[in-house]
Amino acid sequence: VAVLGAAGGIGQPLGLLMKMSPLVSQLSLYDIANTPGVAADISHVNTNAMTKGYAGDDELGAALEGADVVVIPAGVPRKPGMTRDDLFKINAGIVAGLCSAISKHCPDAMVNMISNPVNSTIPIAAEVFKKKGTYDPKKLCGVTTLDVVRAKTFVAEKNGLDVTQVEVPVVGGHAGVTILPLWSQMSPATRMDDATIDALTKRTQDGGTEVVQAKAGKGSATLSMAYAGAHFANACLKGLNGEKDVIECSYVESTVVPGLPFFSTQVRLGPTGVEEIMGLGDMSDYEKAGIEAMKAELESSIQKGVDFVAGNPDI
């Protein structure tokens, strides 16, 4: 497993969580700087994953060599007043560069994209891989797990449920209105009035902003994101190992919603990556309206990613 952006706010706790995973035999920690120290620190943990740090462009290839799963939390975090869109120009370039290296050094790896805005960085990655002739849609996943984690936490708190037993599919994308929890499909089935459903939906959509504000300008959601990223990476590893019925939500190339070439639904992970994309299932009228409400924003975010690669011929 390689973590790209391993010295950052998400990358450091994510690296530690991956070191704790019994599914990881080798852990490569890469960033533009500071990774030798982070790797030395994490390497002392008495678990089986052999850990090594890599720093700077010259060592990126070595960090990626032989990777089965590449997790990308690289980029700059959101700051107060910053939209996910403001992040776009900076993070788009970072992601494109990393994906070029992946296509060269580990073209068969599963890529887990955390770098925001995921709604656009996944299309960017796809276009870069297509240019390099290494694109496999089954191996490219946008990590929307934090939306699922939040939805479970918030609905369990509200209804006094055991959060470890709660399942909620979250569909769409990974920003604001494009995040749609399907409460009607949650288990255990829970009756909630319209006001509660609306409040929980909005809280899930604005979860990132809630943390940015609580940190008062000193950061964004890094620890919960690391937890969610590690959970999804472990799910990918379980699937690659042939474990059955590994189901997670992820933002992937999809035909579930006509006109939206990338979309997040539940997917089944297996030895070849994303082996099955689940449909939306039966939805409430509120949820159907939510799908309609997100279409324009999601479509433009996808197009923005495609246009970025088309407009940068040197990628």
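In what follows, the structure referred to is the one given above.
Described in the following lines is the structure provided in the data block.

The rules we used
Residues numbered from 1 in each chain as written. Predicted model: local features only at pLDDT ≥ 70, side-chain atom pairs only at ≥ 80, totals over all residues. Heavy atoms only, no water. Axes fitted to C-alpha atoms, helices over the stretch in contact; angles between N-to-C directions. Helix = DSSP H or I, 4+ residues; strand = E, 2+ residues; numbered from the N terminus. Left-handed = near helix turned anticlockwise from the far one by under 90°. Contact = heavy atoms within 4.5 Å. 1 Å grid on protein atoms, 1.4 Å probe; cavity = no way out; pocket = protein on both sides within 12 Å on 5 of 7 lines; lining within 4 Å. Points joined across faces, edges and corners; volume = space filled by probe spheres on them. Nonpolar A, V, L, I, M, F, W, Y, C, P; charged D, E, K, R; others polar. Buried < 20%, exposed > 50% of the residue type's maximum accessible area, 1.4 Å probe, protein only. Salt bridge = Lys/Arg side-chain N within 4 Å of Asp/Glu carboxyl O. Core = buried A, V, L, I, M, F, W, Y, C linked by side-chain atoms within 4.5 Å.

Their axes nearest at 8 Å, the elements helix α1 (residues 11-19) and helix α9 (residues 223-240) cross at an angle of 40°. Once α1 is placed against α9, the crossing between them reads as right-handed. Two secondary-structure elements touch here, α1 through P13, L14, L17 and M18 and α9 through L223, A226, Y227, G229, A230, A233, N234 and L237.

Here the focus is the layout of surface pockets. Looking at the largest pocket, its volume works out to about 700 Å³. Contributing to the lining of the largest pocket are 38 residues, with P73, A74, G75, V76 and P77 lying nearest its centre. Elements with a minimum of two residues in the lining of the largest pocket: β2 (26-31), α4 (84-105), α6 (145-159) and α8 (207-214). Sort the elements by how many residues they give to the lining of the largest pocket and α4 lands first, with six residues. For the lining of the largest pocket, a count of residues per class yields 19 nonpolar, 14 polar and five charged. For the second largest pocket, the calculated volume is near 410 Å³. If you trace the second largest pocket, you find 17 residues lining it, with V148, K152, V166, E167 and H231 closest to the centre. Secondary-structure elements contributing two or more residues to the lining of the second largest pocket are α6, α9 and β9 (246-253). Considering only residue class, the lining of the second largest pocket consists of nine nonpolar, five polar and three charged.

Attention now goes to the environment of V170. By the element assignment, V170 lies in strand β7 (residues 170-172). In this structure V170 comes out as buried when scored by relative accessible area, which is 3%. A C-alpha to C-alpha distance of 14 Å links V170 and I277, two positions 107 residues apart in sequence. Not counting the four nearest positions on each side in its chain, V170 is found in contact with D147, V148, A151, I179, L180, P181, C249 and S264.

Now for the pattern of salt bridges. One pass over the full model with this rule turns up eight salt bridges. Residue R268 is joined to E275 by a salt bridge in which the shortest nitrogen-to-oxygen separation is 3.7 Å. The class for R268 is partly exposed, based on a relative accessible area of 26%. Of the residues examined, E275 reaches a relative accessible area of 30% and is grouped as partly exposed. One salt-bridge network, held together by shared partners, links E157, R203 and E210.

Okay, the nonpolar core next. With 49 residues, the main nonpolar core has L4, L64, V70, I72, I102, I124 and F263 as its most contacted residues. Those elements that provide at least two residues to this core are β1 (2-4), α3 (60-64), β4 (69-72), α4, β5 (110-113), α5 (118-132), β10 (262-270) and α10 (285-310). Among the elements that take part in this core, α4 stands out by supplying eight residues, more than any other. Once residues within four sequence positions are removed from consideration, F263 is found in contact with V171, G172, S250, Y251, V252, S254, V257, L280, I291, M294 and L298. By size, the runner-up hydrophobic cluster in this structure holds 37 residues, among which are V38, A226, A230 and L237.

Another aspect to go through is empty space enclosed by the protein. What the rule picks out here adds up to one cavity of 30 Å³ or more. Quantified by volume, the largest cavity comes out at close to 60 Å³. If you trace the largest cavity, you find it lined by I102, P107, A109, V111, F129, T134, D136, K139 and L140. Within the lining of the largest cavity, the residues separate by chemical class into six nonpolar, one polar and two charged.

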